[in-house]
Amino acid sequence: MSRVAGDSLVIRGGTAVLPTGQRRVDISVRHGVISAIGSEVHDDGDTVDARGLMVLPGVIDAHVHFNEPGRADWEGWEAGTRGAAAGGVTTVLEMPLNAHPPTTTVAAFDAKCAVASQKALVDFGLWGGMVPENLAELESLHHRGVVGFKAFMSNSGIDDFQRVPDGVLAIGLKTTARLNALVGVHAESHEMVERMGAELIAAGRTDRLAWCEARPPEAEVDAIRRLLVSARGAGRNVRVHVVHVSCAEGLAAVDAARSKGVAISAETCPHYLAFTAADFERIGPPLKCAPPIRDAATRDALWQEVLAGRVDLIGSDHSPCPAADKTRGNEDVWKAWGGIAGIQATLPVLMTEGVHARGLSFERIAHLTATAPAQLFGLYPRKGALAVGGDADLAIVDPEKQWTLDSKDLQTRSGICAYLGRRFTGKVVRTIVRGQTVFVDGQVIGRPGWGRLQKPQATR
Ligand SMILES: [Zn+2]
């Protein structure tokens, strides 16, 4: 049975990942908020038996594309947030592009908020876009409550969301610095990837590795360095965030800027940690993305960065499309849409490849997937940690459970997912959003319309 707000609930006997570390506790929830955490809380509400399980703060996935309104056939808010629920994700921050209209005006923000409010099973925040023609709109979008602005330094792959040349980015960053707003940047060198792609196409290359060769780590590093030039010119309050960094070289460029006092952060994604270029050769279009999947040595170096604490947060970059837009690239990689349906995979990948294979701690997982995004996007402490007074957003996981992702588990609309058939150790068993169970025992039981808009604290 699904529950309604106002009920009380006790999660008993789980090992909770608290801000102070792991502890076996009971967690009491009233009216959707954590009301007590302790060795034996006294509460006569309904009980969830969490003995033998880990209780994490719900994942805040800071990077998803749900494509609605306008391209709901690609995914949509209901399918997307069903996937979120199944993945232990309790808040999504949704990107401004691939929906139509893109979220580059206040009217487009309102249109997206309306459909999301009707359909979302989990809480959500909305990114705004920074494109060449909307610099005058940034301030009103900021006051409307966007969590940040997304800008592309290379082509976005979609005509209604144009990239920002360096000069435009430099001007846009002056505005966002004045607003103290965050800008998330897709940092790949437009000039480099266009030239290298054209050369490979001219040489007749259609194979999957050609996509990787056209977009090398150097293209990321070049773009990050140029982003920093623009950021330096924008003044002391500039805040920049590099999305989906795929390589240690990119993180080193971010780190060097941070050590000079720039407010910069970096995201990586589970697919760069879970797959190698050899997997891309085998699996093909379901794994096509930009930046591309890297070779094994680059993947291993990226893991070292995660373990060393040089990655700020992990977001899925969930970006599905109709099945035909993937399959048409089976024989010619350039024809496939780029984007990975991965919203359900973040915690399973981090448990399997992180905790079990490389000694990543659950405290680091909680930080990378919940606390850090909540802090960066102004949602902390209402969200992002298991603490009294915070929203009761929880992901309850069985860290030892071995399982295989099957098409019956998959919520994404197209049915296409690079992780299908993959073995995991560690499974999400229950997801709770503001005290309401939205996923349990393999079933999504949340209701569309439960999700609420989350605005950064500074603009609420
Ligand atoms: Zn994206």
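Right above here is the structure, for reference.
Draft legend 1. Up close: the coordination of the zinc ion. Within the protein, the zinc ion binds to His63 (NE2), His65 (NE2) and Asp317 (OD); these donor distances fall in the range 2.1 to 2.2 Å. Taken in sequence order, the residues that donate to the zinc ion follow the motif H-x1-H-x251-D.

Draft legend 2. Just unusual backbone geometry, in detail. Each neighbour pair has its own omega, and for Glu68 with Pro69 the value is 10°, a cis peptide bond. Tracing the chain through its elements places Pro69 in the loop between β6 (59–64) and α1 (77–86). In this structure, Pro101 follows His100 across a cis peptide bond, with omega equal to 0°. Within the secondary structure layout, Pro101 lies in the loop between β7 (89–94) and α2 (106–119). Positive phi outside glycine occurs at Asn67, with the angle close to 70°. Locating Asn67 in the fold gives a position in the loop between β6 and α1. Overall, Asn67 belongs to the buried group, its relative accessible area being 0%. Residues other than glycine seldom take positive phi values, yet Asp441 does so here, at roughly 50°. Here Asp441 shows up in the loop between β17 (436–440) and β18 (443–444). Residue class for Asp441 comes out exposed when judged on its relative accessible area of 67%.

Draft legend 3. Highlighting the environment of Ala370. Secondary-structure assignment places Ala370 in helix α14 (residues 362–376). Looking at Ala370, the relative accessible area reads 0%, which means it is buried. Distance from Ala370 to Val59, taken between C-alpha atoms, is 5.0 Å for residues 311 residues apart in sequence. Those residues within four positions of Ala370 in sequence are excluded, and the remaining contacts are Pro57, Gly58, Ile60, Ile365 and Gly384.

Draft legend 4. Local environment of the side chain of His65. Note on placement: His65 falls in the loop between β6 and α1. Apart from the residues within four sequence positions on either side, His65 is in contact with Glu94, Met95, Leu97, Asn98, Lys150, Asp317, His318, Ser319 and Pro320.

The rules behind these values
Residues numbered from 1 in each chain as written. Predicted model: local features only at pLDDT ≥ 70, side-chain atom pairs only at ≥ 80, totals over all residues. Heavy atoms only, no water. Donors = N, O, S within 2.8 Å, 3.2 Å for Na, K, Ca; no water. Helix = DSSP H or I, 4+ residues; strand = E, 2+ residues; numbered from the N terminus. Buried < 20%, exposed > 50% of the residue type's maximum accessible area, 1.4 Å probe, protein only. Contact = heavy atoms within 4.5 Å.

None of this, on its own, says anything about what the molecule does.
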